[in-house]
Structures are given as C-alpha cells and as structure tokens.
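So you can see what is in the structure, the chains are spelled out below.
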Amino acid sequence: MESLARGGTRWKRFAVVMVPSVAATAAIGVALSQGALAASFNVSGQQFKVAVDRLDGTGFAQYGAIDTQHGGKNIPVAVSAFKSAKLKGLCQSVVVPVPVFGDVSLKLSAGNGSKTVEAKNLFIDLDQLDADATFRGIDIGVAAGDANKGPGINKGDKALPGSFAQQADSATLIGVKQTAWATSAGTFKLSGLSMKVSKGKNECF
C-alpha cells in the first residue's frame, strides 16, 4: 500500500524552508506485523521519535505537505520519500499519557547487529531531523510534481505540484534523530524486531 490519505480539510498555503533532510521510521503495532500501514488515515495528535544509526537509500525526494489530525487540525510537514532504503540500528518510541495511570511508553527496535531493516516506496511526514547526510546527484528547487528520482507525490497528500521540492539519486545518513507524524510504505521488513511497553517515559533520545 503506497497511499497515505489525509483528512478532508482544504490545502492551506504555508512557507517551509527545507534543507536536504530525510529519515526512516517504523510503523506501530499491527501495521508492523503486516509490513505496511493502512491506505487511508488521519494522523494522531502525537508525534513519535525515531533514531537510526545508518540509512542508505536510493531514489530520494522531499516536498512540503499538510497532515490533518483527527479532529481537523492542520500540521505543516516535510514529506521525505525513498524508492528503497536500508537501515541499521532503528529505534522508535512514543509516549502515551494515560489518565490516572500516567505516561506509558512504547519502544521498538530492529536492524541491530547483523540484521537490516528494508523498505520500499517509503514516505515519512516529519517536522524535525538531525543527522550527518551525504546526497548524490541532488537537485534543489525542482517542482514537486516534476521530481522524477523518487517515488513521486504520495497519493492523498495535500501538496501543490508546483511547490518547492528536492530530489537525489541516493543518500546516506548517519546518526539520525527525528520527530515525525506519520509513515507509510509499500513494504517494510523489520528484521530482529523487538517491542517493549513500560510505565513512564522511555524514549529513543
């Protein structure tokens, strides 16, 4: 499944000055075991954190879009996309506040040791990323609808085809730390997957 549909609110213009940035994230719960996210959903009201030791990807593109939370609130994001990506040392965490009980953390890890996480047609909706990045064959300032090195604009994304985008033949990122709102992928293979639920805050960074 390669589409990530948003809510029904209309596109609202926003200005985002983007630098070359991309990361990869894991999906949560049942979506992980199935290897893909649902084709259509509104994002939740919570971000999740992702750390990756190393990401090697091909067919990269990035463009601006709007995510819609359940309830209708619009969130500006940078959508980073890969035709294919391999990750080492993946960690994802989300903290859920539970009334009376307090915070509960869900933490996932995969691709450690000799294991590798593999994804195809990967789309990540993010608003912050830190990493050491190397891009090869990069084009900055291409129109989003004309980018041809990545997997294209995700079906259902609220993005203007003529808006600012960038693309590259391939990219390598080291020491990735990012916050994201959503992820979708055609396939997402998480070798060596481990999931832990704990009381309190237990995040990747």
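Residues numbered from 1 in each chain as written. Predicted model: local features only at pLDDT ≥ 70, side-chain atom pairs only at ≥ 80, totals over all residues. Heavy atoms only, no water.

> Can you explain the overall build of the protein chain? Please cite residues and give values.
For the protein chain, the helix and strand inventory stands at one helix and seven strands. For the protein chain, buried positions account for 48% of its 205 residues. Sequence-distant contacts in the protein chain: of pairs separated by 6 or more residues, those separated by 24 or more amount to 83%. Summing over all exposed atoms, the protein chain offers an accessible surface of approximately 9,700 Å²; the carbon and sulfur share of this is 54%. (Helix = DSSP H or I, 4+ residues; strand = E, 2+ residues; numbered from the N terminus. Buried < 20%, exposed > 50% of the residue type's maximum accessible area, 1.4 Å probe, protein only. Contact = heavy atoms within 4.5 Å. Areas by Shrake-Rupley, 256 points an atom, 1.4 Å probe, with all protein chains shown as cover.)

> Pulling in residues and values, what's your account of the packing of aromatic side chains?
Overall, the coordinates contain two aromatic pairs when judged by the stated rule. Taking 5.6 Å as the distance between ring centres and 45 degrees as the angle between the ring planes, the aromatic pair formed by Phe60 and Phe82 counts as tilted. Here Phe60 is found in strand β1 (residues 48-68), whereas its partner Phe82 is found in strand β2 (residues 74-98), with 22 residues between them in sequence. The residues Phe60 and Phe82 share a single accessibility class, namely buried. Ring geometry for Phe60 versus Phe135: centroids 5.2 Å apart, planes at 50 degrees, classification tilted. (Phe/Tyr/Trp six-rings, centres within 6.5 Å; stacked < 30°, edge-to-face > 60°.)

> Before we move on, can you summarise the nonpolar core with the specific residues and values?
Among the nonpolar cores identified, the biggest contains 29 residues, and Val52, Leu87, Leu90, Val117, Leu122 and Phe188 are the most heavily contacted of them. When residues of this core are traced back to their parent elements, those giving at least two are β1, β2, β3 (102-110), β4 (117-136) and β6 (164-190). Looking at this core, the element that brings in the most residues is β6, giving eight residues. Val43, Ala159, Ala165 and Ala182 belong to the second largest nonpolar core, which has 15 residues in total. (Core = buried A, V, L, I, M, F, W, Y, C linked by side-chain atoms within 4.5 Å.)

> Outline the state of the cysteines, listing residues and values.
Throughout the structure, instances matching the rule amount to one disulfide. Note on cysteine connectivity: Cys91 is disulfide-linked to Cys204, with sulfurs 2.0 Å apart. Residues Cys91 and Cys204 are joined through a disulfide that is left-handed, its torsion about the S-S bond being -85 degrees. With Cys91 in strand β2 and Cys204 in the segment after β7 (194-199), this residue pair connects regions lying 113 residues apart in the sequence. (Disulfide = S-S within 2.5 Å.)

> So what about the environment of Gly162? Which residues, and what values?
Looking at the secondary structure, you find Gly162 in the loop between β5 (139-143) and β6. For the pair formed by Gly162 and Val142, sequence separation is 20 residues and the distance between their alpha carbons is 8.5 Å.

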